[in-house]
Amino acid sequence: MQPAVLVLNCGSSSLKYSLVEPDPGTSVAHGIVERIGSDHALATLAYGGLKVSRERRVTDHDAALRLTFEMFAEAGGHLETLGLVAVGHRVVHGGREFYRPTVVDDALIARLGELAPLAPLHNPPGVLGIEVARRLLPDLPQVAVFDTAFFHDLPDAAAAYAIDREVAEAWGLRRYGFHGTSHQYVSEQAAAFLGVDPAGISQIVLHLGNGASASAIVGGRPVDTSMGMTPMEGLVMGTRSGDVDPGIVFYLGRTAGMATEDIENMLNRRSGVFGLAGHNDFRELHKLIENGDAAARLAYDVYIHRLRKYIGAYLAVLGNTDVISFTAGVGENDAMVRRDALTGLAPLGIELDEHLNESPANGPRVISAENSPITVLVIPTNEELAIARACLGALH
Ligand code: ADP
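What am I meant to see in a nonpolar patch on the surface here?
Where nonpolar side chains cluster on the molecular surface, the patch consists of Phe193, Leu194, Val196, Leu356 and Val366 and spans about 330 Å² of accessible area. Among the structural elements, Leu356 can be located in helix 14 (residues 354-358). Take Leu356: its relative accessible area is 31%, and that puts it in the partly exposed class.

Before we go on, may I ask you to explain the sheet that holds strand 5 (residues 50-56) in this structure?
Pairing between the strands of a sheet comes from backbone hydrogen bonds, and it takes one of two forms, parallel or antiparallel. Judged by pairing direction, the sheet is mixed, and its 8 strands sit side by side in the order 5-4-3-2-1-6-8-7 without closing on themselves. Two strands close off the open sheet at either side, each with one partner strand: strand 5 and strand 7 (102-103). Bridge count between strand 1 (residues 4-11) and strand 6 (residues 84-91): 5 bridges; the pairing is parallel. Residue Ala4 lies in a different strand from strand 6, and its bridge partner there is Leu84.

Explanation requested: the site of the ligand in the structure shown.
Within the structure, the ligand sits among 13 residues, and Asn210, Phe282, Gly329, Val330 and Asn333 are positioned closest to it. Between an oxygen atom of the ligand and a main-chain N or O atom of Gly211, the distance comes to 3.4 Å. Within the contact set of the ligand, a nitrogen atom lies 3.4 Å away from a side-chain nitrogen or oxygen of Arg283. Protein contacts shield 67% of the accessible area of the ligand, which totals 570 Å² for the unbound molecule. Breaking the shell around the ligand down by element, the ones donating at least two residues are helix 10 (282-290) and helix 12 (328-333).

Which parts of the structure should I look at to understand the sheet that holds strand 12 (residues 323-327)?
On the basis of which strands lie adjacent, the open sheet formed by 6 strands has the order 11-10-9-12-14-13 and mixed pairing. Where the open sheet ends on each side, the last strands, each with one partner, are strand 11 (221-225) and strand 13 (365-366). Docked against the sheet, helix 6 (residues 180-194) engages strand 9 (202-208), strand 10 (212-218), strand 12, strand 13 and strand 14 (375-378), running at close to 125 degrees with respect to strand 9. Sitting on the sheet, helix 11 (residues 294-318) is in contact with strand 9, strand 10, strand 11 and strand 12, with an inclination near 160 degrees to strand 9.

Is there a simple way to think about the packing of helix 6 against helix 15 (residues 383-395) in this case?
When two helices pack together, their arrangement is captured by the angle between the axes and the distance separating the axes. Packing of helix 6 against helix 15 brings their axes to within 9 Å, and their N-to-C directions diverge by 95 degrees. It follows from the interaxial angle that helix 6 and helix 15 lie roughly perpendicular. Contacts from Thr181, Ser182 and Tyr185 in helix 6 reach Glu383, Leu385, Ala386 and Ile387 in helix 15. The residue inventory of the contact of helix 6 with helix 15, partitioned by class, reads 4 nonpolar, 2 polar and 1 charged.

Honestly, the packing of helix 2 (residues 106-115) against helix 3 (residues 123-136) in this entry has me stumped. Any pointers?
Across the interface, helix 2 lies against helix 3 with an axial gap of 9 Å and an inter-helix angle of 160 degrees. Between helix 2 and helix 3, the crossing angle belongs to the class labelled roughly antiparallel. Considering how the two elements wind past one another, helix 2 and helix 3 form a crossing that is left-handed. Across the interface between the two elements, Asp106, Ile109, Leu112 and Leu115 of helix 2 pack against Asn123, Val127, Ile130, Glu131 and Arg134 of helix 3. Among the residues making up the contact of helix 2 with helix 3, the classes are represented as 5 nonpolar, 1 polar and 3 charged.

What should I look at first to understand the environment of Ala346 in this one?
When you line up the elements, Ala346 lands in the loop between helix 13 (335-342) and helix 14. Using a relative accessible area of 41% as the deciding quantity, one classes Ala346 as partly exposed. Once the C-alpha coordinates of Ala346 and His279 are considered, the two residues, 67 residues apart in sequence, prove to be 32 Å apart.

Got a minute to help me understand the packing of aromatic side chains in this structure?
Each aromatic ring pair is specified by the distance between its two centres and by the angle formed by the two planes. Under the criterion given, the structure shown has 6 aromatic pairs. Relative to Phe146, the ring of Phe98 lies with its centre 5.5 Å away and its plane at 15 degrees, an arrangement referred to as stacked. You can see Phe98 sitting in the loop between strand 6 and strand 7 and its partner Phe146 sitting in strand 8 (residues 142-146), a full 48 residues away along the chain. Aromatic pair Phe150 and Phe151: ring centres 5.4 Å apart, planes at 55 degrees, arrangement tilted. Accessibility classification places Phe150 together with Phe151 in one group, the buried group. An aromatic cluster of at least three residues, connected via ring pairs, comprises Tyr17, Tyr47 and Phe72. When the ring centre of Tyr176 is taken as origin, the NZ or CZ atom of Arg174, which lies over that ring, is 5.1 Å away.

How do you make sense of the nonpolar core when you look at a structure like this?
The tendency in soluble globular proteins is for nonpolar side chains to be buried side by side. Ranked by size, the top nonpolar core spans 54 residues in total, and within it Leu208 and Tyr303 carry the most contacts. Ignoring sequence-local partners within four residues, the contact set of Leu208 consists of Leu235, Tyr303, Leu307, Phe326, Thr327, Ala328, Gly329, Val330, Gly331 and Val337. Cys10, Phe69, Met71 and Leu82 belong to the second largest nonpolar core, which has 31 residues in total.

When you look at the pairing of strand 11 in this model, what are you seeing that I'm missing?
Sheet analysis places strand 10 next to strand 11, joined by 4 bridges and oriented antiparallel. Within strand 11, the position partnered with Ile217 by the bridge is Pro222. Taking the residues between adjacent antiparallel strands as the criterion, strand 10 and strand 11 are bridged by 2 residues, where Gly219 takes a positive phi near 55 degrees.

Even after reading the chapter, I still don't get the side chain of Arg365, so can you show me in this structure?
Following the sequence through the fold, Arg365 ends up in strand 13. Lacking a salt bridge, the buried Arg365 has Glu332 as its closest oppositely charged neighbour, with an N-O distance of 6.9 Å. One polar contact links the side chain of Arg365 to the main-chain carbonyl oxygen of Glu332, over a distance of 3.2 Å.

Conventions adopted
- Residues numbered from 1 in each chain as written.
- Predicted model: local features only at pLDDT ≥ 70, side-chain atom pairs only at ≥ 80, totals over all residues.
- Heavy atoms only, no water.
- Patch = residues over 30% accessible without salt bridge, like charges linked within 9 Å, V, L, I, M, F, W, Y side chains within 5 Å.
- Areas by Shrake-Rupley, 256 points an atom, 1.4 Å probe, with all protein chains shown as cover.
- Salt bridge = Lys/Arg side-chain N within 4 Å of Asp/Glu carboxyl O.
- Helix = DSSP H or I, 4+ residues; strand = E, 2+ residues; numbered from the N terminus.
- Buried < 20%, exposed > 50% of the residue type's maximum accessible area, 1.4 Å probe, protein only.
- Pairing = 2+ DSSP bridges.
- Near = heavy atom within 4 Å.
- Polar contact = N/O pair within 3.5 Å; in protein donor to acceptor, adjacent residues only side chain to side chain.
- Contact = heavy atoms within 4.5 Å.
- Axes fitted to C-alpha atoms, helices over the stretch in contact; angles between N-to-C directions.
- Parallel < 35°, antiparallel > 145°, perpendicular 65-115°, else oblique.
- Nonpolar A, V, L, I, M, F, W, Y, C, P; charged D, E, K, R; others polar.
- Left-handed = near helix turned anticlockwise from the far one by under 90°.
- Phe/Tyr/Trp six-rings, centres within 6.5 Å; stacked < 30°, edge-to-face > 60°.
- Lys NZ or Arg CZ within 6 Å of the ring centre and 35° of its normal.
- Core = buried A, V, L, I, M, F, W, Y, C linked by side-chain atoms within 4.5 Å.
- Lys, Arg positive; Asp, Glu negative; His and termini not counted.

It is worth stressing that arrangement in space is one thing and function is another; only the former is reported here.
Set out below in C-alpha cells:
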C-alpha cells in the first residue's frame, strides 16, 4: 500500500478534501461537504469509480468530517486500510513567520489564532479544520501548508506598500501574495513539461479560478504577484473586486454610512464578475453574453482588461519572458478568455495558435504558435498533490 495524505481545505461553511498518494501522485478520492451549519448540507465523495452524495443536516465541521469518514466506509474505504500517514491543511495566511510546511502543535495553533486578524475570512476556517482533524485523527501528524509561503521572499520593491513606514511595520502591512502552492506547482510543471531547468527561465503564471492571481517568476523564484496583504488585490475575480481605489472604502464608510464589515463583505462576496453580472461562473457568463446581456458583456470586458494590464506589467517586470502558463478553472477551460487575454500581443512576443488554444484537451499543453518567442501553456494545477508532497517533506 502506498502512503496516503488526507488534504483538507476548509472554508467557513465548506470542507473540501482529497486523499492523495504523493508518490506517484494519485488522487485516490476527493469530495466536499457544502452548506455546513444548515439542515440541507450537501456531501459528495468520489472514490474508486463510485460517486456518493448525501443531503442532510450537518451542524459543524466536526460533523462534516465524521460524515466524510462514514461515506468513505460505505464506499468500502475504511480509514485503517487507506494507508494514511498524515493530514495536510491548506492555511491561507502564514504572516511573516510561517512559510515552511509546519507540523502542527499547540503553539502553532495559538500563533495561527493570533494571525486571524490578518485574514479574518480565510484563516479561522483553516484553523478549525486543523482542530477537528486533530480530534478525529489524533494519531496522525497534521501539517499546515501556507498559501503565502511561495511569496515569502518577494523582493522588497514588490512587497512593500508605499505608505507610512512606521504604520506598515507596526501592523505587518505588506504584500504577502496567495495561491502560492499553485503558482509554485504550475511553474515547476511548466518547466518540467518543456524539459528545461526552472532556474533558467522567466515565467508568468495566470491562476484564473474563482479566485484569480498572476505571478512573475524568475529562475523559480517569484518577483511579483497580484494579490497583496489579503487575497482581494489584483485581478478581477469571481466575487472579489481585485484592485480598487482605497478611496472607495472611505467614501462608503463616511458618506454612504456602510459599516466596515459590510464594505468588506461587498468587496469580497458581491463584487468581481458576480458583482457586475450577477453570475460568477464563466460558462454562465458566456451564455448571457451570447443572449445580448449588457451587464455580462461589461463584466467580461472588465475582467479581460485587468488581466491584460497585469500581463503587460509582468512582461515589463521580467524584461525577458520565456513562458506564460494558464491554470485553474477558467485558465484551463476557457479558450475565449485565453485568446482575449493575449490577442494582438505579437509585437510583445506572444502568438497564440488558435487551433491549439481551442482544441478541447486535458493535461499540460502548448497553445502558442511554433514561432512564438514566448511559449504559452495550459498547465492544470493540483494544489492537493502539492500540499500532500509538502506534507511528506515536512515529516522527513
Ligand atoms: P476555486 O478553486 O477558486 O474555487 P476553480 O479553479 O475550480 O476555482 O475555478 C472555478 C471556476 O472555473 C468556475 O467558477 C468557472 O467560472 C470556471 N470554469 C470551470 N469550468 C469551466 C469551463 N468548462 N469553461 C469556462 N469556465 C469554467
